[in-house]
Amino acid sequence: MIAELRLKRGKEESLDRFHPWVFSGALTQMPHDLEEGSLVRVVAADGRVMGVGHFQIGSIAVRMLDFADVEIDADFFAGRLRRAWQLRQSLGLLRPDNTAFRLVHGEGDFLPGLVVDVYGDTAVLQAHSVGMHYQRETLARCLVELPGAGLRNVYYKSETTLPFKARLDPVNDYLIGRADTDIALENGLRFRIDWLRGQKTGFFVDQRDNRSLLGRMAAGRRVLNMFCYTGGFSVYAMRGGAELVHSVDSSAKAVALTDANIELNFPGDTRHKAFAEDAFKYLDNTAAGVYDLIVLDPPAFAKHRSALRNALRGYQKLNAAGIAKVAPGGLVFTFSCSQAVSREQFRLAVFSAAAQTGRRVRILHQLTQPADHPVNIYHPEGEYLKGLVLYVE
Ligand code: SAH
């Protein structure tokens, strides 16, 4: 028997439109003894069953798994994972020269609270909800049994993504197997991926298409890749024929990863140098006109709505520095991965930055997250990555 949660009158509307969250204020009463992560059935005021989901404590009370009264078992998860796999296959992402991609993007793959990134025969599983944490063993088994996928290892990495208050003390470790290589391919380029110690699942898969675009625009340019992390943009710039590539990250570990990835693809190539430094300081100390292409891909400045104003100021300051320093006829690839910052707000911050420099700036491309990070149209909150390619005169 699973617990039933009843909605207040009229509160079923968003569920009729397949929005996958139920807010606590929509429920008639908040259950006291219900354990976070339990399966619940959501019922409208008139008794109509609206679907099933995982219960959680906080303003989002239920994350819906299905909008019918279905059983949530291993077959359910296996089916969802098969659909996710088929989508990536149809997108042409599964190729011998491309073994890194996102298999599950939460609500965008009808699996709220779950992220799965694939690197070769290893899947890195990340739970963002207690419900998904409890399903980790089942999910891991479903992953290695996924027909035709050839996945052999599943690494669980949720120490920093689960609600702290739930006191689950999750441990990052392999649930199945153990990888014997940490190298994955993206569009024919090789990357060493550190899912054990790296940020997120070890790699920012979401910049793949934007890195490709940069690769096509990098020929003959002097490139500065700020916030380089694993050096993704730098490696594409090298392949694209950049004259020189400088990578900057405040973390020495990231700089070492970037150097390693450059060496993996372009051994002995002297066009590249990496610096462990603060991005703002580095730009301050850079003379104008030294670079013709600058990438600004900072961490999320606003993790929550409360930090929005400071975040927008941060984006403005960073972009003003980048736009001011790029050579005439240069390009700035600028990004925000803060979900709390809208596309319009980001563009406005970049507009203010451009105006502050007094230079002529045109937008050449408007960028977003790639197709293996799908946005459920009923859940616009799933859209987070925004980018602009600026042409600066
Ligand atoms: N562009 C990368 C992802 C960037 S993640 C990619 O394509 O994979 C953000 C990076 O910014 C992290 O590696 C972090 O170490 C770095 N960082 C955070 N604050 C910084 C600062 N003030 N100066 C320089 N780097 C910073």
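Going along each chain's sequence as written, the residues are numbered from 1 onward. Where local features are concerned, this predicted model is filtered to residues with pLDDT of at least 70; where side-chain atom pairs are given and counted, the filter is 80 or more; whole-chain, interface and lining totals use all residues. To get the side-chain values, all heavy atoms of the structure are used, and hydrogens and water are removed first.

A.B. asks: What's the story with the domain arrangement of the protein chain in this structure? I'm lost.
C.D. replies: Many authors give the size of an interface as the accessible area that is lost as the parts come together. Along its sequence, the protein chain is carved into domain 1 (3–66), domain 2 (74–186) and domain 3 (204–392). For domain 2 and domain 3, the distance between their C-alpha centroids amounts to 27 Å. Here, residues are in contact when the closest pair of their heavy atoms is within 4.5 Å. The interface of domain 2 with domain 3 comprises 17 residues on the first partner and 14 residues on the second. Summed over both sides, the interface between domain 2 and domain 3 buries roughly 1,200 Å², with carbon and sulfur atoms accounting for 59% of that surface. The split of the chain into domains comes from an automatic or database domain assignment. Buried area: the accessible area, evaluated with a 1.4 Å probe, that two parts lose upon being put together, summed over both parts.

A.B. asks: Can you walk me through the packing of helix α2 (residues 74–90) against helix α4 (residues 136–144) in this structure?
C.D. replies: For any two helices packed against each other, the geometry comes down to the angle between their axes and how far apart the axes lie. Here the axes come from fitting lines to C-alpha atoms, over the contacting stretch only for helices, and the angles between their N-to-C directions go from 0 to 180 degrees. Numbering of helices and strands runs from the N terminus, with a helix taken as a DSSP run of H or I at least four residues long and a strand as a DSSP run of E at least two residues long. In contact at an axis separation of 9 Å, α2 and α4 are set at 50° when each is read in the N-to-C sense. What the angle tells us is that α2 and α4 run oblique. Crossing angle aside, the handedness with which α2 passes α4 is right-handed. Between α2, through Ala74, Phe77, Ala78 and Leu81, and α4, the contact on the second element is made entirely by Thr138, Leu139, Cys142 and Leu143. Only Asp, Glu, Lys and Arg are considered charged in this grouping, and only Ala, Val, Leu, Ile, Met, Phe, Trp, Tyr, Cys and Pro are considered nonpolar; every other residue, Gly among them, is considered polar. Across the contact of α2 with α4, the residue classes break down as seven nonpolar, one polar and no charged. Each angle gets one of four labels, with under 35 degrees taken as roughly parallel, over 145 as roughly antiparallel, 65 to 115 as roughly perpendicular, and the rest as oblique. Left-handed is the label given to a crossing in which the near helix is rotated counterclockwise from the far helix by less than a right angle, and right-handed is the label when the rotation is clockwise.

A.B. asks: Sorry, what's going on with the sheet that holds strand β7 (residues 114–119) here?
C.D. replies: Strand pairing in a sheet relies on backbone hydrogen bonds. The paired strands run either parallel or antiparallel. The strand order across the open sheet built from five strands is β6-β7-β8-β9-β10, with neighbouring strands paired in mixed fashion. The sheet is open, and its two borders are formed by β6 (100–105) and β10 (173–176), each paired with just one other strand. Ignoring strand direction, the axes of neighbouring strands in this sheet form an average angle of 25°. Strand pairing follows a simple DSSP-based rule, namely that at least 2 bridges must link the two strands. The pairing of β6 with β7 spans five bridges and is antiparallel. Opposite Phe101, over in β7, you have Val118 as the bridge partner. In the packing of α2 onto the sheet, contacts are made with β6 and β7, and the angle to β6 comes to roughly 140°.

A.B. asks: Could you clarify how one ought to interpret the pairing of β7 in this entry?
C.D. replies: Remark: a regular strand shows side chains that alternate across the two faces of the sheet. Of all the six residues making up β7, six are buried; the element is thus mostly covered by neighbouring parts of the structure. Side chains of β7 alternate between two faces, with Leu114, Val116 and Val118 and Val115, Asp117 and Tyr119 buried alike. Hairpin remark: β7 followed by strand β8 (residues 122–127), antiparallel, with two residues in the connecting loop; positive phi at Gly120, about 65°. For the exposure calls, accessible area comes from a 1.4 Å probe over protein chains only, and a residue counts as buried if that area is under 20% of its type's maximum, exposed if over 50%, partly exposed in between.

A.B. asks: Would you mind showing me how to read the site of the ligand here?
C.D. replies: In the vicinity of the ligand there are 16 residues, among which Gln199, Asp249, Asp278, Ala279 and Asp297 approach most closely. Within 3.5 Å is the distance limit for a polar contact, defined as a pair of N or O atoms, with the added protein rule that one can donate a hydrogen and the other accept it, and that residues adjacent in sequence qualify only through two side-chain atoms. In this structure, Gln199 approaches the ligand through a side-chain N or O atom, which is 3.0 Å from an oxygen atom. Interatomic distance of 3.1 Å between a side-chain N/O atom of Arg211 and an oxygen atom of the ligand. What sets the accessible areas is the Shrake-Rupley method with a 1.4 Å probe; for residues, cover comes only from the shown protein chains. Starting from 580 Å² of accessible surface for the ligand in isolation, the protein chains cover 88%. Split into classes, the residues belonging to the shell around the ligand amount to seven nonpolar, four polar and five charged. Throughout, near means a residue has at least one heavy atom within 4 Å of the molecule or strand.

A.B. asks: What should I look at first to understand the pattern of salt bridges in this one?
C.D. replies: In a structure, side chains of opposite charge can pair up when their charged atoms sit close to one another. Every case where a carboxyl oxygen of Asp or Glu lies within 4 Å of a side-chain nitrogen of Lys or Arg is listed as a salt bridge. All chains considered together, the criterion is met by 21 salt bridges. One salt bridge connects Asp109 with Arg88, and the closest N-O pair in it is separated by 2.7 Å. Of this pair, Asp109 sits in the loop between β6 and β7 while Arg88 sits in helix α2; the two residues are 21 residues apart in sequence, bridging distant segments of the chain. Across the pair, Arg88 and Asp109 agree in class, each one buried. Across the pair Arg211 and Glu186 runs a salt bridge, and its minimum N-O distance is 3.0 Å. With Arg211 in helix α5 (residues 208–217) and Glu186 in strand β11 (residues 183–186), this residue pair connects regions lying 25 residues apart in the sequence. This pair shows no difference in class: Arg211 is buried, exactly as Glu186 is. One continuous salt-bridge network, built from bridges that share partners, spans Glu4, Arg41 and Asp69.

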